[in-house]
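# A structural walkthrough
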Amino acid sequence: MFDRLSGWSRRQLLQTAGLAGFAALNLRSQSDEGGANNLSGVWLEPFVDPLPVPKVLRPRSVSGGRVHYALTMSEFRQKVHRDLPASILWGFEGATPGPTIAAQRDRPIEVHWINKLPDRHRLTIDHTLGGAAKDEPEVRTSIHLHGGHVAANSDGYPDDWVAPGDRQLTYYPNGQPAATLWYHDHAMGITRLNAMMGLAGFYLLYDPAEKALGLPAGAYDIPLLLQDRLFDARGQLIYPTGPDLAAPWIPEFFGTHALVNGKIWPYLQVEPRPYRFRLLNGSNSRIFRLTTLPQQAFIQIASDGGLLPEVVQREDILLAPGERVDVVLDFTAYKGHRLNLINDAPAPYPSGNIPGPRLILQFRVGHRTAATQQTVVASGLASAVKPHEKEATKTRRHTLREVMAIGSKRHSVLLNGQRFDDPVTEDPKNNSIEIWEFVNLTMDSHPIHLHAVHFQLLDRTPFDAREYLNAEKLVLTGKPLPPAPGETGWKDTIICPPGQLTRIIIPFRGEPGRFVWHCHMLEHEDNEMMRPYILRP
Ligand code: C2O
Ligand code: CU
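A quick note: this is a predicted structure, and the numbers were derived from the prediction, not measured. (Residues numbered from 1 in each chain as written. Chains lettered and ligands numbered in written order. Predicted model: local features only at pLDDT ≥ 70, side-chain atom pairs only at ≥ 80, totals over all residues. Heavy atoms only, no water.)

## Let's talk about the overall build of the protein chain
- Across its full length, the protein chain holds five helices and 31 strands.
- Looking at the protein chain as a whole, 62% of its 537 residues are labelled buried.
- Put simply, of all contacts in the protein chain between residues at least 6 apart along the chain, 80% involve residues at least 24 apart.
- For the protein chain, the exposed surface amounts to about 20200 Å²; the carbon and sulfur share of it is 53%. (Helix = DSSP H or I, 4+ residues; strand = E, 2+ residues; numbered from the N terminus. Buried < 20%, exposed > 50% of the residue type's maximum accessible area, 1.4 Å probe, protein only. Contact = heavy atoms within 4.5 Å. Areas by Shrake-Rupley, 256 points an atom, 1.4 Å probe, with all protein chains shown as cover.)

And the structure:
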């Protein structure tokens, strides 16, 4: 709509990459080379598998006050549905999602990420993408702690990958408030493929202040990793390739089914009482909009960076790749009933028409609760310290814009028209506060993520995208829209809607070094929608 040339060609490619035109694509699945035998032809019964909850990882050792963990990455078979043969997947300690790391505030840990994956990738690599050339090892991993305030050498920089047989060492200081963090692969040029195979897990950071609130805990505090996927009838992953086999990258991946903690349509037996759910969107490109049926309000208590200043009651939860929302769902009034978690977001968001998974998860409410303690959801959760705009010493304006590579049919979405290897342009000074503005000139929402920091959303203002594309002029067409109720806390990933100027305020505070900022739609991230930034001393 906005960018006539590239916008249209891209949308056409998306249509063919969508389910409607599957035959036009070269589907590569592991068991069925080239066949279009995807699950759209197989009927699966919903809600037959119990929801798996990833186990909490035990430390390998504790020495000198330091806690050491080790996680081995490998290939294995795991069942995603009762009626499908086991899928070939990748994960940590033999499972995907990997085991949950439970960390305590101000207690640093050390993690060894041991790559024992096969040398050949299961999915089709696009060797024309930056960092994924033929002379690089096919399988590479660089594990990033998403939302973690860590030093650059532990951040999982895309180029800092290790190959099978090698290991990555990281140090996580945990000097930040309680929050739902997660770990996932970040290797240059193949992050989307490694994520698709399953390289992700939860990292839950706890602290005494949060504990004192008496929120649902233990068995009543359950992380939910949502990922859309496409399977063939033999239960194997399908990751479509584009029409150009020399450059098979696709602009976005959208699957037909949603996994919750690695299962299609699981159910969860719950007691008639409040639960805390930590929602994480670990999809490659899909944005979810979640409701329950029958409709029950979500009480949001936290977002990416931890607790919100106040609880927020929400009818639906919009969740983009990389984002987390912690909610309390109260089943007290539903004794003996069932509630379904439903998704109704269009893909691409907000105006696409590629069909996607509607059913996500079923809650089956029992008649009794085992716990005697009654959970009270506090209203004042965390103290709200929002940096003031006047404290910002610099404002940077960034464009999100589609471009066509010269002499090629392929487009990419670039940040400021620059590629990953172009010279660093973002170099905030440590302990300074900056405002970053995102001018989205594309048709879709992009979740923009910054490493090593948390920020707050200031506002979003509609502008005339056509005017900007024609004359590089920012013409605002409406009043600034304040953050939505669930977006008032500390964020590390923010949805930038099309035709809006999204403004965030960022206190840069950490160990100087080189980090990245990028779109968390992994197909975009792998195709240059990622830039380095340097935190200057
Ligand atoms: Cu969740 Cu740079 O990533
Ligand atoms: Cu994007």
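## Quick notes on the sheet that holds strand E7 (residues 143-146)
- Taken together, four strands build an open sheet; the order of strands is E5-E10-E9-E7 and the sheet is mixed. At either end of the open sheet lies a strand with only one pairing partner, and these are strand E5 (98-104) and E7. The mean inter-strand angle of the sheet, taken between neighbouring strand axes irrespective of direction, is 20°.
- Two strands pair when backbone bridges link them, and E7 and strand E9 (residues 179-185) are joined in this way by four bridges, in the antiparallel orientation. Looking at the pairing, leucine 145 lines up with tyrosine 183 of E9. (Pairing = 2+ DSSP bridges. Axes fitted to C-alpha atoms, helices over the stretch in contact; angles between N-to-C directions.)

## Brief notes about the packing of aromatic side chains
- According to the stated counting rule, one finds 19 aromatic pairs in the structure shown.
- Taken together, a centroid distance of 5.7 Å and an interplanar angle of 75° make the contact between phenylalanine 92 and tryptophan 113 edge-to-face. Here tryptophan 113 lies in strand E6 (residues 109-115) and phenylalanine 92 lies in strand E4 (residues 87-92), a separation of 21 residues in the sequence. Note on accessibility: phenylalanine 92 and tryptophan 113 belong to one class, buried.
- Aromatic side chains phenylalanine 438 and tryptophan 517 sit 6.1 Å apart centroid to centroid with 45° between the ring planes, which places their arrangement in the tilted category. Pair noted here: phenylalanine 438 is in strand E25 (residues 433-440) and tryptophan 517 is in strand E30 (residues 513-519), with a separation of 79 residues, a long-range link. For the pair shown, phenylalanine 438 and tryptophan 517 are each scored as buried. (Phe/Tyr/Trp six-rings, centres within 6.5 Å; stacked < 30°, edge-to-face > 60°.)

## A look at the side chain of arginine 276
- In this fold, arginine 276 is placed in strand E15 (residues 274-281).
- Among the residues examined, arginine 276 registers a relative accessible area of 2% and is labelled buried.
- In this structure the side chain of arginine 276 is engaged in a polar contact, spanning 2.7 Å, whose partner is the side chain of aspartate 326.
- If we skip the residues at most four places from it in the chain, arginine 276 touches Glu210, Leu215, Pro216, Tyr220, Asp221, Ile222, Ile301, Asp326, Val327 and Val328. (Polar contact = N/O pair within 3.5 Å; in protein donor to acceptor, adjacent residues only side chain to side chain.)

## Let's talk about the coordination of the copper ion (ligand 2)
- Around the copper ion (ligand 2), the protein contributes the donor atoms His446 (ND1), Cys519 (SG) and His524 (ND1), which lie 2.0 to 2.1 Å from the metal centre.
- All donors of the copper ion (ligand 2) belong to a single chain; written as a sequence motif, their spacing is H-x72-C-x4-H.
- Here cysteine 519 falls in the buried class, since its relative accessible area comes to 0%.
- For histidine 524, a relative accessible area of 3% gives the class buried. (Donors = N, O, S within 2.8 Å, 3.2 Å for Na, K, Ca; no water.)

## Thoughts on the nonpolar core
- In terms of nonpolar packing, the biggest core is built from 49 residues, with Leu71, Ile101 and Trp113 touching the most fellow members.
- For this core, the secondary-structure elements that each account for two or more residues are strand E3 (66-78), E4, E5, E6, E7, E9, helix H2 (191-197) and strand E10 (200-206).
- Of all the elements, E3 adds the most residues to this core, at five residues.
- Core analysis: the next-biggest nonpolar cluster, separate from the first, contains 28 residues, Leu226, Val270, Leu279 and Tyr334 among them. (Core = buried A, V, L, I, M, F, W, Y, C linked by side-chain atoms within 4.5 Å.)

## Re the layout of surface pockets
- Approximately 680 Å³ is the volume attributed to the largest pocket.
- In terms of lining, the largest pocket is formed by 31 residues, of which the most central are Pro177, Gly305, Ser383, Val385 and Trp490.
- Those elements giving two or more residues to the lining of the largest pocket turn out to be helix H3 (208-211) and strand E18 (306-314).
- With four residues, E18 is the single largest residue contributor to the lining of the largest pocket.
- Its residues placed into classes, the lining of the largest pocket shows 16 nonpolar, ten polar and five charged. (1 Å grid on protein atoms, 1.4 Å probe; cavity = no way out; pocket = protein on both sides within 12 Å on 5 of 7 lines; lining within 4 Å. Points joined across faces, edges and corners; volume = space filled by probe spheres on them. Nonpolar A, V, L, I, M, F, W, Y, C, P; charged D, E, K, R; others polar.)

These figures come from the coordinates and say nothing about function on their own.
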